[in-house]
Number of protein chains: 2
Amino acid sequence: MKIIIDAMGGDLAPREPVLGAVMAHREFGCDIVLVGQEERIRSILEKDNITLPRGITLVNATQVIEICDDPATAWRKKKDSSMTVGLKMLAAGEGDAFISAGSTGALLSAATLLVKRIPGVKRAAVAPIVPTGAGGAVLIDAGANAECTPEYMAQFALMGSFYAEKVLRRENPRVGLVNIGAEPSKGNELYKQVNALLTAAGEKGTLNFVGNTEPVELASENAPDVIVADGFTGNILLKTMEGTAKFIVHNLKSLFTTNLKTKAAYLMLKGNMGGFKKMLDSRETGGTALLGLQKPVFKAHGSSDAYAMLHAVEKAIDYANADIISAIAKDVNSLLLAQEAEQ
Amino acid sequence: MKIIIDAMGGDLAPREPVLGAVMAHREFGCDIVLVGQEERIRSILEKDNITLPRGITLVNATQVIEICDDPATAWRKKKDSSMTVGLKMLAAGEGDAFISAGSTGALLSAATLLVKRIPGVKRAAVAPIVPTGAGGAVLIDAGANAECTPEYMAQFALMGSFYAEKVLRRENPRVGLVNIGAEPSKGNELYKQVNALLTAAGEKGTLNFVGNTEPVELASENAPDVIVADGFTGNILLKTMEGTAKFIVHNLKSLFTTNLKTKAAYLMLKGNMGGFKKMLDSRETGGTALLGLQKPVFKAHGSSDAYAMLHAVEKAIDYANADIISAIAKDVNSLLLAQEAEQ
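Below or above, wherever it landed, is the structure these notes cover. No experiment lies behind these values; they were computed from the predicted model shown.

Some points on the overall build of chain A
- Each helix and strand in chain A was counted, giving 13 helices and 11 strands.
- For chain A, buried positions account for 57% of its 343 residues.
- Of the contacts formed within chain A by residues at least 6 apart in sequence, a portion of 71% connects residues at least 24 apart.
- Element-wise, carbon and sulfur atoms account for 49% of the exposed surface of chain A, whose accessible area totals about 13,900 Å².

Rendered as structure tokens:
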């Protein structure tokens with residue numbers, strides 16, 4: 001297993017991705033290729049007294065894609081950027097997965113054009129795992145495609161289903177469509193059409209569609225394994241979860257520290273809050289898979305520290321080990337056939 | 001001040017709306033008209049040994065709009081329902097506001113056709129107050145219109161702005177547009193167009209537009225006072241907040257009760273959690289105003305108990321006291337002129 005890491009991507013690059021790569025190599029024993037400004041990477045290692053292990057190789061790339069670069073063209077304009085060089089290596093088979101904490105938009109554009117989509121797949125999608133009452137679900141699409149057709153979204157359902165099966169290890173994953181009501185007639189025109197497509201796919205056994213899912217049900221033990229959304233709605237959902245969690249945790253803390261008694265209680269609890277914080281911590285979830293591409297590409301959070309990068313490597317290994325891509329390639333066509341048969 | 005209450009609406013009707021009405025009369029001294037099946041209402045009062053105060057009058061309505069009735073036609077098919085009778089009274093000036101805990105869809109259709117929209121307003125919208133780091137914001141539209149045009153949403157911004165000014169008492173309310181990124185070019189086609197309209201309205205001084213707002217910013221102290229969304233997205237946002245809060249509170253509780261030490265700490269804190277629970281409790285927020293109608297109509301939560309109904313009456317009084325409707329009527333036309341001038 002060889003993981004290619006963009007050493008220059010993210011707010012804390014190159015230091016944190018580099019240290020994370022070293023940690024991941026120690027922890028998982030995987031080979032790692034660090035792509036970026038070689039001199040800077042070497043000076044980080046030197047500063048921390050780290051001798052480059054044999055399993056980690058450096059590939060020099062002089063340019064860096066910045067957050068202000070136009071996502072659509074950055075990879076092409078900066079041909080010697082760590083992202084462009086790394087993705088080209090992945091496409092050429094010189095690694096099993098690619099990880100970057102750089103701009104999501106730039107990564108999506110670059111990966112779509114360099115690694116290419118699975119034949120038949122109309123759009124790549126961002127598919128993070130979000131906390132639910134059932135132990136987490138794949139949310140797809142969480143922001144790659146602000147404008148979607150019903151067909152894109154039916155494909156997201158299929159891709160998310162394979163991901164939930166192989167990576168979350170859910171048998172016959174339950175696929176829900178985000179919506180504002182349970183009845184198939186609920187929602188806007190787009191969602192009514194997607195409901196019809198997924199119902200048909202469910203009836204044909206292509207996937208296990210459980211119907212519309214209101215976001216409030218995500219707290220329940222019966223929450224689906226896959227949550228399908230267009231990229232606009234999925235992103236709103238994801239960021240609302242994040243915002244609400246932030247808001248509550250902030251308020252809890254001020255509640256706990258209002259007086260001496262509660263402060264004492266808070267201190268007693270604090271040590272036990274690890275598990276809870278872990279669940280909400282974006283560093284633990286490690287980032288998000290890009291699904292629909294011919295090779296595993298993984299987006300780490302922009303604010304990834306070494307620890308987050310370690311987790312991103314773990315998820316990227318899961319993604320590379322699971323045989324998702326060939327499964328999608330095989331079934332995306334049967335989904336298309338099912339749709340055509342409908343018409 | 002005279003508030004007309006649908007005694008038959010909601011899961012706990014007629015008992016809880018009736019008891020809530022009695023509480024509200026005692027608390028706020030307002031006159032109340034209870035509309036519903038008179039015999040059932042009288043037997044509830046008798047059972048609780050309540051003598052009908054002089055300020056509360058009963059109006060008999062033999063039918064009840066059920067959740068299974070078609071929302072679009074229920075009010076017309078059930079002409080003697082508490083909702084239809086109550087709204088007709090409001091339209092005829094026999095009260096200052098109408099409250100129902102019945103079906104939102106039925107209430108919207110009935111109110112739009114019986115009370116009518118403010119001239120110039122294209123769509124009525126649901127505008128609950130949601131918790132934010134800045135002490136709450138008006139979310140508009142939270143679910144009335146699954147399909148929106150840019151013009152509808154520009155009007156929501158204006159209506160929400162007046163509501164925030166008069167009811168939340170925010171000076172020159174800051175209006176944000178829900179979106180997946182801060183730049184005006186972010187989002188789908190609809191949101192790009194709305195951003196342009198609101199930017200123009202902001203430049204003309206019609207409202208105080210602060211730009212796109214990602215939901216994660218709602219936790220911040222700088223959160224806007226008004227959050228504009230189409231009804232689909234607004235409803236997803238609202239229900240995601242609710243679901244995430246549920247999920248966290250549930251997990252906190254299980255975390256707190258894992259061992260004797262944390263259990264003891266939890267018990268110490270429990271008494272102080274009142275304020276926190278209050279903030280998340282839908283009974284406290286009391287429901288949501290319907291904005292854009294010629295008279296104040298207020299939707300209480302479907303699961304409203306007497307206490308929730310008390311709060312709904314409080315909010316409905318606020319709504320009726322604030323001179324929002326004439327302000328909307330006056331400015332909705334200047335907004336239209338501004339739009340026309342743009343074209």
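So that's the structure; there's more coming.
As for the packing of aromatic side chains
- Overall, the coordinates contain four aromatic pairs over all chains when judged by the stated rule.
- Aromatic side chains Phe232 of chain A and Tyr191 of chain B sit 4.5 Å apart centroid to centroid with 40° between the ring planes, which places their arrangement in the tilted category. In this pair, Phe232 of chain A is assigned in helix α8 (residues 231-256) and Tyr191 of chain B in helix α7 (residues 189-203), connecting two distinct chains.
- On the accessibility criterion, Phe232 of chain A (1% relative accessible area) is buried.
- When the ring of Tyr163 of chain B is compared with that of Tyr319 of chain B, the centres are 5.7 Å apart and the planes differ by 80°; the resulting orientation is edge-to-face. Taken as a pair, Tyr163 of chain B in helix α6 (residues 150-166) and Tyr319 of chain B in helix α12 (residues 306-321) lie far apart in primary sequence, 156 residues in all.
- Overall, Tyr319 of chain B belongs to the buried group, its relative accessible area being 2%.

Section: the pairing of strand β1 (residues 2-6) of chain A
Residue and element names in this part refer to chain A.
- Counting buried positions over the five residues of β1 gives four, a clear majority of the element.
- In this structure, β1 lies alongside strand β2 (residues 31-36), joined through five bridges in parallel fashion. In the sheet register, Ile4 faces β2, and the bridge partner there is Val33.
- As for the winding sense of the linkage, the β-α-β connection from β1 through helix α1 (residues 15-28) to β2 is right-handed.
- Where β1 meets strand β4 (residues 97-100), three bridges bridge the pair, whose relative direction is parallel. Bridge pairing in β4 places Ile3 opposite Ala97.

Description of the packing of helix α4 (residues 82-91) of chain B against helix α5 (residues 104-114) of chain B
Residue and element names in this part refer to chain B.
- Close contact between α4 and α5 brings their axes to 10 Å; oriented N to C, the two are set at 35°. The handedness of the crossing between α4 and α5 is right-handed. The segment α4 lies against α5, with Met83, Thr84, Leu87, Lys88 and Ala91 engaging Ala106, Leu107, Ala110, Ala111 and Leu114.

A closer look at the environment of Lys166 of chain A
- Its place among the elements puts Lys166 of chain A in helix α6 (residues 150-166).
- Discounting residues that sit within four places of it in the chain, Lys166 of chain A has contacts with Ala322, Asp323 and Ile324 of chain A.

A short note on helix α1 (residues 15-28) of chain B
All names here are of chain B.
- Along its 14 residues, α1 runs 20 Å from first to last C-alpha, staying within 8% of the 20 Å computed at 1.5 Å per residue.
- Taken residue by residue, α1 has Glu16, Pro17, Val18, Leu19, Gly20, Ala21, Val22, Ala24 and His25 as its buried positions.
- Next to the buried residues of α1 lie β1 (2-6), β2 (31-36), α2 (38-47), β3 (56-60) and α12.
- Taken from the residues just after α1, Gly29 is the one with a positive phi, measuring 70°.

Some points on a positive patch on the surface
All names here are of chain A.
- Taken together, the side chains of Arg76, Lys77, Lys79 and Lys88 define a basic patch exposed on the protein surface.
- For Arg76, the location among the structural elements is in helix α3 (residues 74-77).
- Assessed through its relative accessible area of 44%, Arg76 is described here as partly exposed.

Quick look at the pairing of strand β10 (residues 288-291) of chain A
All names here are of chain A.
- Burial of β10 is two-sided: the residues Thr288 and Leu290 facing one way and the residues Ala289 and Leu291 facing the other way are all buried.
- Relative to strand β11 (residues 297-299), β10 runs antiparallel, the two sharing three bridges. Residue pairing for β11: Thr288 is matched across the bridge by Lys299.
- Between the end of β10 and the start of β11, which pair antiparallel, lie five residues, with Gly292 showing a positive phi angle near 110°.

Looking at unusual backbone geometry
- Cis peptide bonds are those with omega within 30 degrees of zero, and the linkage from Ile140 of chain A to Asp141 of chain A qualifies with 5°.
- Inspection of the secondary structure puts Asp141 of chain A in the loop between β6 (137-140) and α6.
- You will see that Lys116 of chain B, though not glycine, has its phi angle at about 75°, which is positive.
- Note on placement: Lys116 of chain B falls in the loop between α5 and β5 (125-130).

Observations concerning the sheet that holds strand β9 (residues 226-228) of chain A
All names here are of chain A.
- What the 11 strands build is an open sheet, ordered β3-β2-β1-β4-β11-β10-β5-β6-β9-β7-β8; its pairing is mixed. Of all strands in the sheet, those with a lone pairing partner are β3 (56-60) and β8 (208-213), marking the two edges. Neighbour to neighbour, the strand axes of the sheet diverge by 25° on average, direction disregarded.
- Pairing of strand β7 (residues 174-178) with β8 involves five bridges; the strand directions are parallel. Each bridged residue has a counterpart across the sheet, and for Gly176 the counterpart in β8 is Gly211.
- Here α6 sits on the sheet and contacts β5 (125-130), β6, β7, β9, β10 and β11; the angle it forms with β9, its principal contact strand, is near 165°.

Considerations on the pattern of salt bridges
All names here are of chain B.
- Going through the model one piece at a time under the given rule, you end up with 12 salt bridges over all chains.
- Here Asp69 makes a salt bridge to Lys78, at a shortest N to O gap of 2.7 Å. No difference in accessibility class separates Asp69 from Lys78, as the two residues are buried.

Section: the packing of α6 of chain A against helix α7 (residues 189-203) of chain A
Residue and element names in this part refer to chain A.
- For the pair α6 and α7, interaxial distance at closest approach is 9 Å and the crossing angle is 50°. One finds that α6 runs oblique with respect to α7. Taken as a pair, α6 and α7 cross one another with a handedness that is right-handed. Of α7, the residues touching α6 (which contributes Pro150, Glu151, Met153, Ala154 and Ala157) are Leu190, Tyr191, Gln193, Val194, Leu197 and Leu198.
- Classifying every residue of the contact of α6 with α7 gives nine nonpolar, one polar and one charged.

A word on the side chain of Thr288 of chain B
Residues and elements named next belong to chain B.
- Looking at where Thr288 falls in the secondary structure, it is placed in strand β10 (residues 288-291).
- A relative accessible area of 10% places Thr288 in the buried class.
- In terms of polar contacts, Thr288 uses its side chain to reach the backbone amide nitrogen of Ala127, at 3.0 Å.
- If we ignore the near neighbours within four places in the chain, the residues touching Thr288 are Val126, Ala127, Pro128, Phe298 and Lys299.

Considering the environment of Glu242 of chain A
All names here are of chain A.
- By the secondary structure assignment, Glu242 is in helix α8.
- Taking relative accessible area as the criterion, Glu242 reaches 44% and is therefore assigned partly exposed.
- Sequence spacing of Glu242 and Val130 is 112 residues, and the spatial spacing of their C-alpha atoms is 9.9 Å.

Some details on α7 of chain B
Residue and element names in this part refer to chain B.
- In this model α7 runs 21 Å from its N-terminal to its C-terminal C-alpha over 15 residues, within 8% of the 21 Å that 1.5 Å per residue would give.
- Among all positions of α7, only Tyr191, Val194, Asn195, Leu197, Leu198, Ala200 and Ala201 are buried.
- Gly205 sits one or two positions beyond α7 and adopts a positive phi of about 80°.

Parameters at a glance
- Residues numbered from 1 in each chain as written.
- Chains lettered and ligands numbered in written order.
- Predicted model: local features only at pLDDT ≥ 70, side-chain atom pairs only at ≥ 80, totals over all residues.
- Heavy atoms only, no water.
- Helix = DSSP H or I, 4+ residues; strand = E, 2+ residues; numbered from the N terminus.
- Buried < 20%, exposed > 50% of the residue type's maximum accessible area, 1.4 Å probe, protein only.
- Contact = heavy atoms within 4.5 Å.
- Areas by Shrake-Rupley, 256 points an atom, 1.4 Å probe, with all protein chains shown as cover.
- Phe/Tyr/Trp six-rings, centres within 6.5 Å; stacked < 30°, edge-to-face > 60°.
- Pairing = 2+ DSSP bridges.
- Right-handed = clockwise from strand over helix to strand, strands pointing away.
- Axes fitted to C-alpha atoms, helices over the stretch in contact; angles between N-to-C directions.
- Left-handed = near helix turned anticlockwise from the far one by under 90°.
- Expected span 1.5 Å × (residues − 1).
- Patch = residues over 30% accessible without salt bridge, like charges linked within 9 Å, V, L, I, M, F, W, Y side chains within 5 Å.
- Salt bridge = Lys/Arg side-chain N within 4 Å of Asp/Glu carboxyl O.
- Lys, Arg positive; Asp, Glu negative; His and termini not counted.
- Charge placed at Lys NZ, Arg CZ, Asp CG, Glu CD.
- Parallel < 35°, antiparallel > 145°, perpendicular 65-115°, else oblique.
- Nonpolar A, V, L, I, M, F, W, Y, C, P; charged D, E, K, R; others polar.
- Polar contact = N/O pair within 3.5 Å; in protein donor to acceptor, adjacent residues only side chain to side chain.

By themselves, these are just geometric observations and shouldn't be taken as functional.
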